[in-house]
Amino acid sequence: MSKLQLTAILLLIQTLCLAQNPFVTHMYTADPSARVFNDTLYVYPSHDEDDAVKFTMKDWHVFSTTNMKDWTDHGVAFALNDLSWASTRAWAPDCIKRNGKYYFYYPVEASKIGVAVSDSPTGYFKDPLDKALIHTDTEGVVCNRDFIDPAAFIDDDGQAYLYMGQLVVNAIKLNEDMISYDGEVHLLEGTDDFFEAVWMHKYKGVYYLSYVGESGEIKYCTSDNPLGPFEYKGVILEKMNSGTNHHSIVEYKGEWYMFYHNSDLYYRNHPEVERKFGWGHKGSPHPFRRSICFDKLIYNEDGTIQNVIPTK
């Protein structure tokens with residue numbers, strides 16, 4: 001059997017095994033941040049309302065699995081109603097564990113990044129600062145559009161980072177308490193066509209910074225330093241029918257996965273609606289009601305990433 005034939009068979013097996021997208025179907029979800037805690041994979045998405053016509057999200061749920069097939073909805077883990085200093089746009093969050101606690105980073109009002117803490121990965125989370133951790137008016141921040149999409153990363157040496165922003169990748173070094181930072185904002189260089197949804201992971205000693213480009217595709221670049229500079233490598237995932245996209249990359253039980261979103265659930269729930277692709281199509285409300293998915297992510301021998309194949 002040739003190497004090409006073997007690759008084709010493996011891709012077919014992958015498609016058959018993962019043909020369960022979207023994997024949350026009782027509600028609309030987007031922006032999935034996937035994390036592994038205590039041998040369980042958790043996903044922290046944003047929550048599109050059932051009748052959404054704008055990105056007016058109000059709360060965050062948590063989902064978990066131990067077999068990548070059966071998913072538990074743990075309900076609302078945090079909400080805008082829990083905040084005294086913000087009231088709109090509960091957008092794409094992230095969560096990370098340190099010192100036995102779970103730190104939930106979230107954007108609000110398209111201009112502020114907050115942090116909440118819990119003893120459990122499913123919450124309930126509480127805001128210890130009663131204010132933003134960082135925002136558009138913070139010294140050193142460069143953001144000419146929305147200040148959103150926080151993504152946390154803890155390096156092998158224990159240093160924690162938070163990445164965020166739109167059009168420009170802003171990064172900070174978090175302190176040991178995870179609710180403050182050293183005061184310096186780093187502006188990352190070397191991304192190509194960066195728009196939003198930044199994500200950091202590490203594979204075989206290399207730092208992979210992935211993101212949604214202005215082209216709508218998910219792209220990535222690499223570096224030998226978590227603050228760059230980075231070298232652009234290519235596209236991982238094609239444009240989705242949701243117009244927007246937002247992803248995360250995680251290893252679980254020896255396999256690598258990419259989580260992302262599209263609008264397949266909306267079309268499934270509304271077969272009468274003409275399928276129009278993404279933004280810019282008159283009469284198409286679907287970008288505001290999205291659904292989260294996942295598929296396997298495969299590295300080549302040289303460390304580059306193969307294009308992820310979306311499955312249904």
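I will try to describe carefully the structure that is included in this document. (Residues numbered from 1 in each chain as written. Predicted model: local features only at pLDDT ≥ 70, side-chain atom pairs only at ≥ 80, totals over all residues. Heavy atoms only, no water.)

1. As for the pattern of salt bridges
Next, step 1: Overall, the coordinates contain 12 salt bridges when judged by the stated rule.
Next, step 2: Across the salt bridge formed by Asp-193 and Lys-219, the nearest N and O atoms sit 3.0 Å from each other. One end of the pair, Asp-193, is in the loop between β12 (186–187) and β13 (194–203); the other, Lys-219, is in strand β15 (residues 218–223), and 26 residues separate them in sequence.
Next, step 3: Classification of Lys-219 as buried rests on a relative accessible area of 7%. (Salt bridge = Lys/Arg side-chain N within 4 Å of Asp/Glu carboxyl O. Helix = DSSP H or I, 4+ residues; strand = E, 2+ residues; numbered from the N terminus. Buried < 20%, exposed > 50% of the residue type's maximum accessible area, 1.4 Å probe, protein only.)

2. As for the pairing of strand β6 (residues 101–108)
Next, step 1: In terms of burial, β6 is largely enclosed, as 7 of its 8 residues are buried.
Next, step 2: Bridge count between strand β5 (residues 94–98) and β6: 5 bridges; the pairing is antiparallel. Paired with Lys-97 across the strands is Tyr-102, a residue of β6.
Next, step 3: Between the end of β5 and the start of β6, which pair antiparallel, lie 2 residues, with Asn-99 showing a positive phi angle near 55 degrees.
Next, step 4: With 7 bridges connecting them, β6 and strand β7 (residues 112–118) associate as antiparallel partners. From the neighbouring strand, Tyr-102 faces β7, where its bridge partner is Ser-118.
Next, step 5: Linking two consecutive strands that pair antiparallel, namely β6 and β7, is a turn of 3 residues; a positive phi of about 55 degrees is found at Glu-109 within it. (Pairing = 2+ DSSP bridges.)

3. Brief notes about unusual backbone geometry
Backbone phi values are negative for most residues with the exception of glycine, while trans is the configuration of most peptide bonds.
Next, step 1: Geometrically, the link from Asn-21 to Pro-22 is a cis peptide bond, its omega value of -10 degrees lying close to zero.
Next, step 2: Tracing the chain through its elements places Pro-22 in the loop between α1 (3–17) and β1 (28–37).
Next, step 3: Of the consecutive residues Gly-123 and Tyr-124, the connecting peptide bond is found in the cis state with omega at 10 degrees.
Next, step 4: Note that Tyr-124 resides in the loop between β7 and β8 (134–135).
Next, step 5: With phi around 60 degrees, Asp-130 is a residue other than glycine that occupies positive phi space.
Next, step 6: When you line up the elements, Asp-130 lands in the loop between β7 and β8.
Next, step 7: Among the residues examined, Asp-130 registers a relative accessible area of 47% and is labelled partly exposed.

4. Some points on the packing of aromatic side chains
Next, step 1: Throughout the structure, instances matching the rule amount to 31 aromatic pairs.
Next, step 2: Between Tyr-203 and Trp-256, the ring centres sit 5.7 Å apart and the planes meet at 90 degrees, which makes this aromatic pair edge-to-face. Here Tyr-203, found in strand β13, pairs with Trp-256, found in strand β18 (residues 255–262); they are 53 residues apart in sequence, far enough to count as distant.
Next, step 3: Put simply, the rings of Tyr-44, Trp-60, Phe-78, Trp-85, Phe-104, Tyr-106 and Phe-125 pair up and form one aromatic cluster. (Phe/Tyr/Trp six-rings, centres within 6.5 Å; stacked < 30°, edge-to-face > 60°.)

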